[in-house]
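# Structure assessment
Each chain, written out:
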Number of protein chains: 2
Amino acid sequence: MGRILNFASGPAMLPLPVLEKAREEMLDYRGSGMSVMEMSHRGRIFDGIIKAAEANLRQLLGISDDYAVLFLPGGASQQFALVPLNLAIPGRAADFVDTGHWAGKARREAEIVGPVRVAWSGREANYLAAPRPADPAFAPDASYAYLCSNETIGGVRIAEFPRPPSPLVADMSSDLLSRAVEVDRFGLIFAGAQKNLGPSGLGVVIIRRDLAARAPDSLNLFFRYRTHIPEPSLYNTPNTWAVYIFKLITDWVADRGGVPALEETNEAKAELLYRRLDSSPFWRPLAQKDSRSRMNVTWRLANPELEDKFVREAKAAGMDGLKGHRSVGGLRASVYNAFPLEGVGVLVDFMGDFEKRNG
Amino acid sequence: MGRILNFASGPAMLPLPVLEKAREEMLDYRGSGMSVMEMSHRGRIFDGIIKAAEANLRQLLGISDDYAVLFLPGGASQQFALVPLNLAIPGRAADFVDTGHWAGKARREAEIVGPVRVAWSGREANYLAAPRPADPAFAPDASYAYLCSNETIGGVRIAEFPRPPSPLVADMSSDLLSRAVEVDRFGLIFAGAQKNLGPSGLGVVIIRRDLAARAPDSLNLFFRYRTHIPEPSLYNTPNTWAVYIFKLITDWVADRGGVPALEETNEAKAELLYRRLDSSPFWRPLAQKDSRSRMNVTWRLANPELEDKFVREAKAAGMDGLKGHRSVGGLRASVYNAFPLEGVGVLVDFMGDFEKRNG
């Protein structure tokens, strides 16, 4: 058993106790005589799992009954299409906050459905900045206002959320459950599971029930959020394995003290890393200070020729996934909920040593 | 460890060696130091897994390079919408073979997209019959012709496939890899994985490349098959866990002698059950003889009041999932690839004993 420190941007590290539990229950889920993968999604046992998964999320985020919680196929990419298909109002534009790659991908899908306005853009800042609450110029009559709370590639996050006049839609794929969030300020929150919530192939959607009614009858039944609400997430066979892992992960989050406790640890992890990056001109942190992500810390080296060496030596020391996204280059440490504080300590020590040897 | 005989209609029993392998590799996939759920879908290791998964399917079914193989989110329900969205030609109808619940669900999605013709219907036979090849009245100018090869609820299958003048689309969710199939007679074959192919949350699509070009530009990028073809199934993060289990299952199928060997076993399993059902008027097999499914065997008891007792006593004897679908009642034994011949023997013996005690 040689588990490594996995800094991958997603799919990403899962809590070890969750993997151990999944291993233990693989052949026989709690005396049922079968794996969770083998059981009917309409049976009593899986019903207990999916209800507990939903209850856990409601409890952890304080989600009121004004909102439905759905477990849908695919990750964020599927939601990029479903959001405009369900929420666009004919003749009105959707407002987009253009923070980078993920908001851009969502915008391209929205543009296929209807008109889009850019309420704020980080393009001139090379997508290394995120807006403050008052920065975006939202339209009063937009169908909805869209943002991505954390961009994994640039490594920027929206620290405080704006209050647009139209329903706020947020892609929280990379920071849901990592920070406190007032759900009732949003019309819809979605997240692909594979960063903080579970394995890939699961989209978690929190939608204000009245918004779900917007979906036009011309939209396929399967793609309407409202189809999935009455018998939550069981209109079709959901990704039962991912729902099960999500349930184990949200149990783990609760055991650790819930979102506030994890947020504190996440702040500590990010602070450790940024302190190192700010400590010497050897390092070039990428994101603007007020926009720094707590989940994806991005940087370059003053001497970019050392970057490959850094990745190689880190890997040899048991740290994987540190290469930056090909579109920005450099280095990236993704430190989602499941990534331990001690692991960040190991990286920071390695960085100090690397600087000594190469600075 | 008390594994039961699981007759569930899907999600369903998986091969025990596959579960054991998944358990063994849960914390550390072959020395990588991480679970398959934790690794980047763009990394070297997962690339090997998804390429092997595709190669396995191509090998087992003899799929030529004229076809793309895709691993997409969701199961059959998502494909019910994607098929008409991608393949409907404006001004032309789609031909549907109406064999029951699943073909009907697909048809309702197709009707939202464009006109639909019913080329054949099993409605008057209470959906307990399937068509012979010459039965459906296909139109020469249809966009495509659609059928479901095996209906899990009635327990009927299309034994021999028709040759419509338009591209043939088949939902093979419940019998792909259980029987020989000439892929080049089809324009598109899809299957939700959770019967013969893996866990839920994965749609396997085999599409003739020229057909993928039909998708209109008004369709969202994510919902076009052609978006997913160039970098197969990695336009977004696929359900990596399900692709991994699919790979292990297709390895297992190959080890067992491939589709012909499994088909032989499946014929033997079904024959055992149908022979028992035909042996006395105590049993009332549901599907017409020439339409009987090899995957889902459905029946009632001459005395329906005994059906609950049958389910209860079977469960006490270690056999679960035998209750028929609520829409037809009675009993159902789903015996997909992973269900062992010996397990069918246990059921058939139990049935003999039950008849003696209650006949």
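## Digging into the overall build of chain A
The number of helices and strands found in chain A is ten helices and 14 strands. In terms of overall size, chain A behaves like a compact globule, its C-alpha atoms giving a radius of gyration of 21 Å where 359 residues would be expected to give roughly 21 Å. Evaluated residue by residue, chain A yields a buried proportion of 63% over its 359 residues. Put simply, of all contacts in chain A between residues at least 6 apart along the chain, 65% involve residues at least 24 apart. A total of about 13,000 Å² of accessible surface is found on chain A, and carbon and sulfur atoms cover 49% of it. Counting 43 positive and 42 negative side-chain charges, chain A places the averaged centre of each group 3 Å from the other.

## Quick notes on helix H1 (residues 16-24) of chain A
Residues and elements named next belong to chain A. Three or more residues of H1 are buried, namely Val18, Leu19 and Ala22. The arc enclosing the buried residues of H1, seen along the axis, measures out at 95 degrees, which places them on a common side. Those residues of H1 hidden inside the fold are in contact with helix H7 (240-255).

## Things to note about the packing of helix H8 (residues 258-278) of chain B against helix H10 (residues 341-358) of chain B
Each pair of packed helices can be summarised by the angle the axes make with each other and by the distance between the axes. All names here are of chain B. It is the contact of H8 with H10, at a shortest axis distance of 10 Å, that shows an interaxial angle of 0 degrees. By the angle between their axes, H8 is roughly parallel relative to H10. Seen from H8, the contacting residues are Thr265, Ala268, Lys269, Leu272, Leu273, Arg276 and Leu277; seen from H10, they are Leu341, Val344, Gly345, Leu347, Val348, Met351 and Gly352. Split by residue class, the contact of H8 with H10 holds nine nonpolar, three polar and two charged.

## Quick look at the nonpolar core
Within the largest apolar cluster, 124 residues are counted, with the highest numbers of intra-cluster contacts made by A:Leu61, A:Trp241, B:Leu61 and B:Trp241. If we ignore the near neighbours within four places in the chain, the residues touching B:Leu61 are B:Leu176, B:Leu177, B:Val181, B:Val183, B:Ile206 and B:Val259. A:Phe80, A:Phe222, B:Ala68 and B:Ala212 belong to the second largest nonpolar core, which has 58 residues in total.

## A closer look at the interface of chain B and chain A
With 63 residues of chain B at the interface, the matching set in chain A holds 63 residues. In terms of surface lost to chain A, no three residues of chain B exceed B:Leu27, B:Met37 and B:Glu38, which account for 15% of the buried area on that side. If you look at where chain B meets chain A, you find two salt bridges. Here B:Arg3 and A:Glu38 are joined by a salt bridge, their closest N and O atoms 2.6 Å apart. Where chain B packs against chain A, one counts 25 residue pairs in polar contact (both at pLDDT 80 or more). Among the secondary structure elements, those contributing two or more residues to the side of chain B that touches chain A are helix H1 (16-24), helix H3 (76-87), helix H4 (101-113) and helix H7 (240-255) of chain B. Along the lines of polarity and charge, the residues of the side of chain B that touches chain A split into 30 nonpolar, 20 polar and 13 charged.

## Structural notes on the sheet that holds strand E12 (residues 296-301) of chain A
Residue and element names in this part refer to chain A. Read across the open sheet, the three strands follow the order E11-E12-E14; overall the sheet is antiparallel. One side of each edge strand has no neighbouring strand; the edge strands of this open sheet are strand E11 (283-285) and strand E14 (331-334). With direction set aside, neighbouring strand axes in the sheet form an average angle of 30 degrees. Sheet topology places E11 next to E12; three bridges connect them, and they run antiparallel. Note that in E12 the partner of Trp283 across the bridge is Leu301. Strand contacts of helix H8 (residues 258-278): E11, E12 and E14, with the helix running at about 15 degrees to E12, the strand carrying the most contacts.

## Details of the domain arrangement of chain A
Residues and elements named next belong to chain A. Taken domain by domain, chain A consists of domain 1 (17-255) and domain 2 (258-358). If you average the C-alpha positions of domain 1 and of domain 2, the two centres end up 27 Å apart. Facing 26 residues of domain 1, the contacting portion of domain 2 comprises 25 residues. Taking both sides of the interface into account, the surface hidden between domain 1 and domain 2 amounts to around 2,000 Å²; carbon and sulfur atoms contribute 54%. Of all residues in domain 1, Leu128, Ile153 and Arg157 bury the most surface against domain 2, accounting for 28% of the area lost on that side. The interface formed by domain 1 and domain 2 contains one salt bridge.

## Remarks on the sheet that holds strand E12 (residues 296-301) of chain B
Residues and elements named next belong to chain B. Pairing in this open sheet of three strands is antiparallel, and the strands run E11-E12-E14 from one edge to the other. Edge positions in the sheet fall to strand E11 (283-285) and strand E14 (331-334), since each has one partner strand and no second. Direction aside, neighbouring strands of the sheet carry axes that sit 30 degrees apart on average. Taken strand by strand, helix H9 (residues 307-316) contacts E11, E12 and E14, and its axis lies near 130 degrees from that of E12.

## With respect to the packing of aromatic side chains
Enumeration according to the criterion identifies 38 aromatic pairs over all chains in this entry. Seen in terms of ring centroids, A:Phe282 and A:Trp283 are 4.8 Å apart; in terms of plane orientation they differ by 85 degrees. Their pairing is edge-to-face. Like A:Trp283, A:Phe282 is buried. Joined through ring pairs, the aromatic side chains of A:Tyr29, A:Trp241, A:Tyr244, B:Tyr29, B:Trp241 and B:Tyr244 make up one cluster. We note A:Lys105 situated over the ring of B:Tyr235; from NZ or CZ to the ring centre the distance is 4.3 Å.

Procedures and definitions
Residues numbered from 1 in each chain as written. Chains lettered and ligands numbered in written order. Predicted model: local features only at pLDDT ≥ 70, side-chain atom pairs only at ≥ 80, totals over all residues. Heavy atoms only, no water. Helix = DSSP H or I, 4+ residues; strand = E, 2+ residues; numbered from the N terminus. Rg over C-alpha atoms; globule rule 2.2 N^0.38 Å. Buried < 20%, exposed > 50% of the residue type's maximum accessible area, 1.4 Å probe, protein only. Contact = heavy atoms within 4.5 Å. Areas by Shrake-Rupley, 256 points an atom, 1.4 Å probe, with all protein chains shown as cover. Lys, Arg positive; Asp, Glu negative; His and termini not counted. Charge placed at Lys NZ, Arg CZ, Asp CG, Glu CD. Arc of directions from axis to C-beta. Axes fitted to C-alpha atoms, helices over the stretch in contact; angles between N-to-C directions. Parallel < 35°, antiparallel > 145°, perpendicular 65-115°, else oblique. Nonpolar A, V, L, I, M, F, W, Y, C, P; charged D, E, K, R; others polar. Core = buried A, V, L, I, M, F, W, Y, C linked by side-chain atoms within 4.5 Å. Buried area = accessible area lost by both parts, 1.4 Å probe. Salt bridge = Lys/Arg side-chain N within 4 Å of Asp/Glu carboxyl O. Polar contact = N/O pair within 3.5 Å; in protein donor to acceptor, adjacent residues only side chain to side chain. Pairing = 2+ DSSP bridges. Domains from an automatic or database assignment. Phe/Tyr/Trp six-rings, centres within 6.5 Å; stacked < 30°, edge-to-face > 60°. Lys NZ or Arg CZ within 6 Å of the ring centre and 35° of its normal.

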